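Notes for the structure review
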Amino acid sequence: MKRINQQFGVYVCALVCLAVASAAKASPEDTVADAVLGQADFSTNQANQGGANATATGMNGNRGLAVSPSDGRLWVADTSNNRVLSFASAAAFTNGQAADIVLGQADFVSNQPNRGGANPAQNTLSGPRGVAVDSAGRVYVADTDNKRVLRFDPPFTNGEDAVQVFGQAGSFTTANQAAMNAATADNMGNPEGVAVDANDNLWLADRFLSRCTRFNTPAAPGGDTTADLVIGQPNLTSGDPNQGGANPAANTINRASGCALDAAGNLYVCDEFNHRVLLYLAPLSNNQAAARVYGQPDFVSQGANNGGRSATSLNTPVSVAVDPISGNMFIADSVNMRVLEFSNPQTDSVADRVYGQGGDFTTGDVNKGGVSASSINDVGGVACDALGNLYAGDRLNSRVLRYNVPAGQNGNNGGNNGGNNGGGAMPCGVCGPGMFFMMPMCVVGMIVMRRRTR
């Protein structure tokens, strides 16, 4: 009987350890924004701050954004102002700070598509929706309404000329759109999201052609603007949604709107009309099948919020980002007015955290609780910096939000399924530091049980 009681005590101690460590693991992260651009404060949301013209401090319907890995600059696609804005430091900007660089316009007060011209030019933009930066600080812009991607090189000056154009056969003055049945490796339908991988390859989410294409080292000597690989289509000459099928599959896409890559070269793609995000594992190849799906229970489902709004559902995802430190994945779930965070995206398709809905996975309210540091209205882009800070392009609030990594969390923005943020001295789950800190309690418990059973 004594031996049974002793074993029972050990089991109870183990269960207590697991419960406490699991509680630490599930501790919530701060989902309140710490700084804002485009607005003077968190309580206002007028386009261009209510002015008739654009300014260096205002935004209008901004979408995609990126942080430069070379100098920490923040770049924002200010879509309805037909320009891209840059701020000197993503991690240190203050509320309402003015941009110091503008691309696509001659100055900070102009906002006409293609600077008012009938055709695009080497220094104009029309409705840009995505931006990416390579290791040398070169900026790629998805110039969506002009059906092209432009490359701008440092040192940057206001209104500078692009040095490379993708999608228009080398012409800076045309805006031709590829038809679904006339796709090629050189044309585009609607460029939406752009990303750059660790090898400085350019990736494009082409919404109209339902594909994600890779351009191998286009900025290198001898680099070109012809796509080298395609995801979502059987080849570079196809452009039908879901490859012409009535239902999606693991290798199809219906309107690609955003893409991102992690440090290992794995690719995440926003499959907008199938209301899902797909994960493709490296090494990547043409027409590859996805290894994991987020937002749907399987690879053949396609309904918005399939099964109801929850931590496993999506409604029109348009942007995706990966934290380079923790590997956590973030999705701009636009119609649900939220950003979802996945702490172990390669093994788990259930979101661990939600931004914009007060921590509630079942709501999708516009500016829940009113315009504030906790609300979102149709998020159009997400990005992470080298410190693990999160950025969101809050499109219909015409602002950018920054969510700082909590102090003392070593840049892990919610790693280990929501631990390591707000978990105090026991930041992670079972078999991690949380259990380490519980071990002395377990030892004491076992000693007490042994004494009582003698």
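Preceding block: the structure.
Just so it is clear, the structure is predicted and the values come from calculations on it, not from any experiment. Each chain has its residues counted from 1, running along the sequence as written. At least 70 in pLDDT is required for a residue's local features to be given in this predicted model, at least 80 for side-chain atom pairs to be given and counted, and no such filter applies to totals for whole chains, interfaces and linings, which use all residues. Only hydrogens and water are removed before side-chain values are computed, so all heavy atoms of the structure are retained for them.

In this section: the overall build of the protein. Under the scheme used here, helices are H or I runs from DSSP no shorter than 4 residues and strands are E runs no shorter than 2 residues, and both carry numbers assigned from the N terminus. Looking only at helices and strands, one finds three helices and 24 strands in the protein. Looking at the 454 residues of the protein, the share that counts as buried comes to 56%. With residues, only the protein chains shown are counted as cover, and all accessible areas are computed by Shrake-Rupley using a 1.4 Å probe. For the protein, the accessible surface area stands at approximately 16,800 Å², while carbon and sulfur atoms represent 53% of it. Note on classification: 1.4 Å probe, protein chains only; a residue is buried when its accessible area is under 20% of the maximum for its type, exposed when over 50%, partly exposed between these limits.

Right, let's talk about unusual backbone geometry for a bit. Residue Pro155 is reached from Pro154 by a cis peptide bond, and omega for that bond is 0 degrees. Positionally, Pro155 belongs in the loop between strand S8 (148-152) and strand S9 (164-166). Look at the link from Ala282 to Pro283: it is a cis peptide, with omega at 0 degrees. By the element assignment, Pro283 lies in the loop between strand S16 (276-280) and strand S17 (292-294). Within the chain, Thr316 stands out as a residue other than glycine whose phi angle is a positive 65 degrees. Of note, Thr316 is situated in the loop between S17 and strand S18 (317-322). A residue is classified by how much of its surface remains accessible, and Thr316, at 14% relative accessible area, is buried.

Let us now look at the packing of aromatic side chains. The criterion for an aromatic pair is that two Phe, Tyr or Trp rings (for Trp, the six-membered ring) have centres within 6.5 Å, with stacked assigned to planes under 30 degrees apart, edge-to-face to planes over 60 apart and tilted to the rest. In total, this model carries seven aromatic pairs according to the counting rule given. On the basis of an interplanar angle of 40 degrees and a centroid distance of 6.3 Å, the ring pair of Tyr268 and Tyr294 is categorised as tilted. Highlighted residues: Tyr268 in strand S15 (residues 267-271) and Tyr294 in strand S17, separated in sequence by 26 residues. We classify Tyr268 as buried; its relative accessible area is 1%. Ring centres of Tyr355 and Tyr403 lie 4.9 Å apart, and the angle between their planes is 70 degrees; on these two criteria the pair is classed as edge-to-face. Of this pair, Tyr355 sits in strand S21 (residues 353-355) while Tyr403 sits in strand S24 (residues 399-403), and the two are 48 residues apart along the sequence. Taken as a pair, Tyr355 and Tyr403 share a single burial class, namely buried. Counting every residue linked through ring pairs, the aromatic cluster contains Tyr140, Phe166 and Phe215.

Right, let's get into the sheet that holds strand S10 (residues 191-196). Whether two strands pair comes down to DSSP finding at least two bridges between them. Within the open sheet, the four strands sit side by side as S10-S11-S12-S13. Their pairing is antiparallel. Of all strands in the sheet, those bounded by a partner on one side alone are S10 and strand S13 (229-231). Along the sheet, successive strands turn relative to each other by an average axial angle of 20 degrees, direction set aside. In this structure, strand S12 (residues 211-215) lies alongside S13, joined through three bridges in antiparallel fashion. Axis definition: a line fitted to C-alpha atoms, over the contacting stretch in the case of helices. Angles run 0 to 180 degrees between N-to-C directions.

Take the side chain of Ser210 next. For Ser210, the location among the structural elements is in the loop between strand S11 (202-206) and S12. Ser210 gets classed as buried once you look at its relative accessible area, which sits at 0%. Here a polar contact is taken to be a pair of N or O atoms separated by no more than 3.5 Å, where protein atoms must pair a possible hydrogen donor with a possible acceptor and residues adjacent in sequence count only if both atoms sit in side chains. Looking at Ser210, its side chain comes within polar contact range of the main-chain nitrogen of Arg255, at 3.0 Å. Beyond its immediate stretch of four places on either side in the chain, Ser210 contacts Ile231, Gly232, Gln233, Asp240, Pro241, Ile253, Asn254, Arg255 and Ala256. When checking whether two residues touch, look at their non-hydrogen atoms; a contact exists if any pair is within 4.5 Å.

Another point: the side chain of Arg63. Structurally, Arg63 is set in the loop between strand S1 (35-37) and strand S2 (65-67). Notably, Arg63 is buried but unbridged: the nearest opposite-charge side chain belongs to Glu192, and the N-O separation is 5.0 Å. If we skip the residues at most four places from it in the chain, Arg63 touches Ala77, Thr79, Arg129, Gly380, Gly381, Gly393 and Arg395. The charged-residue count follows a simple rule in which Lys and Arg add positive charge and Asp and Glu add negative charge, with His and chain termini not counted at all. A carboxyl oxygen of Asp or Glu within 4 Å of a side-chain nitrogen of Lys or Arg is what we treat as a salt bridge.

Put simply, the grid is 1 Å and covers the protein atoms alone, a cavity is a trapped set of points that fit a 1.4 Å probe, a pocket is an open set with protein on both sides within 12 Å along at least five of seven lines, and lining residues have an atom within 4 Å of a point. Grid points are joined across faces, edges and corners, and a volume is the space filled by probe spheres set on the points. As a volume, the second largest pocket reaches approximately 160 Å³. Taken together, 14 residues line the second largest pocket, and the ones lying closest to its centre are Asp197, Asn199, Asn201, Leu261 and Gly265. Here the nonpolar group is Ala, Val, Leu, Ile, Met, Phe, Trp, Tyr, Cys and Pro; Asp, Glu, Lys and Arg are the charged ones; every other residue, Gly included, is treated as polar. Of the residues that constitute the lining of the second largest pocket, the class distribution is eight nonpolar, three polar and three charged.

On to the pattern of salt bridges. Tallied over the full model, the rule gives 13 salt bridges. Measuring nitrogen to oxygen at the nearest pair gives 2.6 Å for the salt bridge that ties Arg276 to Asp271. Pair check on accessibility: Arg276 and Asp271 agree, each one buried. A salt bridge links Asp333 to Arg338, with the shortest nitrogen-to-oxygen separation between them at 2.7 Å. In terms of burial, Asp333 and Arg338 fall into one category: buried.

This part takes up the sheet that holds strand S14 (residues 256-261). An order of S14-S15-S16-S17 is seen for the four strands of this open sheet, with the pairing classed as antiparallel. The open sheet is flanked by S14 and S17, the only strands paired with a single partner. On average, each strand axis in the sheet is tilted by 20 degrees relative to the strand beside it, whichever way the strands run. Here S14 runs beside S15; their pairing, made up of five bridges, is antiparallel. Looking across to S15, one finds that Ala260 is bridged to Tyr268.

Attention now goes to the pairing of strand S19 (residues 329-333). Most of S19 sits out of view: five of its five residues are buried. Where burial is concerned, the two faces of S19 agree: the one with Met329, Ile331 and Asp333 and the one with Phe330 and Ala332 are both buried. Strand direction decides the pairing type here: S18 and S19, joined by five bridges, are antiparallel. Bridge pairing in S19 links Ser319 to Ala332. Taken together, S18 and the strand that follows it, S19, pair antiparallel across an intervening segment of six residues, in which Gly327 is found at a positive phi of about 80 degrees. If you look at the hairpin formed by S19 and strand S20 (residues 338-342), you'll find four residues sitting between the two strands, and Met337 has a positive phi there, around 55 degrees.

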